[in-house]
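# Results of the structural survey
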Amino acid sequence: IIFFLCMPVVSAFVGWWTNLVALRLTFYPYKFWGIELVRFENQPVGLFGWQGIVPTKAEKMASDSVDLMTEKLFNIKEIFARIKKDE
């Protein structure tokens, strides 16, 4: 009976631990950590190291969001028309 009582506790701990590790690897480390012998562009993993997924792709995500905002969400001419000339 102790076996059946331990199963949910162990399962909860394993689930918590995998979520913690997944979130840490998504955001950390900011800079590449390891030996950068072979590394592909915009990929967080190298032959002997790792960089977080978000820091690796930050430039591409920023570029895509600026393109989206300037092309589809906002009208640049309208925004500049709202700015007062004496400011």
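Residues numbered from 1 in each chain as written. Predicted model: local features only at pLDDT ≥ 70, side-chain atom pairs only at ≥ 80, totals over all residues. Heavy atoms only, no water.

### Notes on the overall build of the chain
Scanning the chain from N- to C-terminus turns up four helices and two strands. Along the chain direction, N to C, the helices and strands of the chain fall in the order α-β-β-α-α-α. Relative to the compact-globule value of 12 Å for 87 residues, the chain shows a C-alpha radius of gyration of 23 Å, a clear excess of over 25%. For the C-alpha atoms alone, the extent of the chain along its principal axes is close to 75 × 40 × 25 Å. Buried residues in the chain amount to 7% of all 87 residues. Looking at the chain alone, contacts between residues at least 24 apart form 26% of all its contacts between residues at least 6 apart. Approximately 7900 Å² of the chain is accessible, and the part contributed by carbon and sulfur atoms is 69%. If the 10 positive side-chain charges of the chain are averaged to one point and the 9 negative ones to another, these points end up 4 Å apart. (Helix = DSSP H or I, 4+ residues; strand = E, 2+ residues; numbered from the N terminus. Rg over C-alpha atoms; globule rule 2.2 N^0.38 Å. Buried < 20%, exposed > 50% of the residue type's maximum accessible area, 1.4 Å probe, protein only. Contact = heavy atoms within 4.5 Å. Areas by Shrake-Rupley, 256 points an atom, 1.4 Å probe, with all protein chains shown as cover. Lys, Arg positive; Asp, Glu negative; His and termini not counted. Charge placed at Lys NZ, Arg CZ, Asp CG, Glu CD.)

### Some words on the pattern of salt bridges
Considering all chains together, one arrives at two salt bridges under this definition. Put simply, D64 and K60 hold a salt bridge, and the shortest N to O gap is 3.0 Å. Within this pair, D64 and its partner K60 are both found in helix α3 (residues 58-73), separated by four residues, close to a single helical turn. As a salt-bridge pair, E78 and R82 come within 3.0 Å of each other at their nearest N and O atoms. (Salt bridge = Lys/Arg side-chain N within 4 Å of Asp/Glu carboxyl O.)

### What about the pairing of strand β1 (residues 33-39)?
Here four bridges tie β1 to strand β2 (residues 45-50), and the two strands are oriented antiparallel to one another. Pairing of I35 across the sheet is with F48, part of β2. Joining the antiparallel neighbours β1 and β2 is a turn of five residues, in which N42 adopts a positive phi near 60°. (Pairing = 2+ DSSP bridges.)

### Section: unusual backbone geometry
A cis amide bond links Y28 with the next residue in sequence, P29, at an omega value of -5°. For P29, the position within the fold is in the loop between α1 (2-27) and β1.

### So, the side chain of Q51
Secondary-structure assignment places Q51 in the loop between β2 and α2 (53-56). For Q51, a relative accessible area of 10% puts it in the buried group. Non-local contacts of Q51, meaning those with residues more than four positions away in its chain, are made with P29, Y30, K31, F32, R39, P44 and T56.

### Looking at the packing of aromatic side chains
Following the criterion strictly, the structure yields three aromatic pairs and no others. Their ring planes at 70° and their centres at 5.5 Å tell us that F3 and F4 sit as a pair that is edge-to-face. Here F3 and F4 have matching classes, each one exposed. Aromatic pair F13 and W16: ring centres 5.9 Å apart, planes at 35°, arrangement tilted. Here F13 pairs with W16, and both are found in helix α1, just three residues apart, close to one helical turn. Its relative accessible area of 51% is what places F13 among the exposed residues. Ring-pair connections join several aromatic residues into one group, and the members of that group are F13, W16 and W17. (Phe/Tyr/Trp six-rings, centres within 6.5 Å; stacked < 30°, edge-to-face > 60°.)

So yeah, pure geometry; function would need other evidence.
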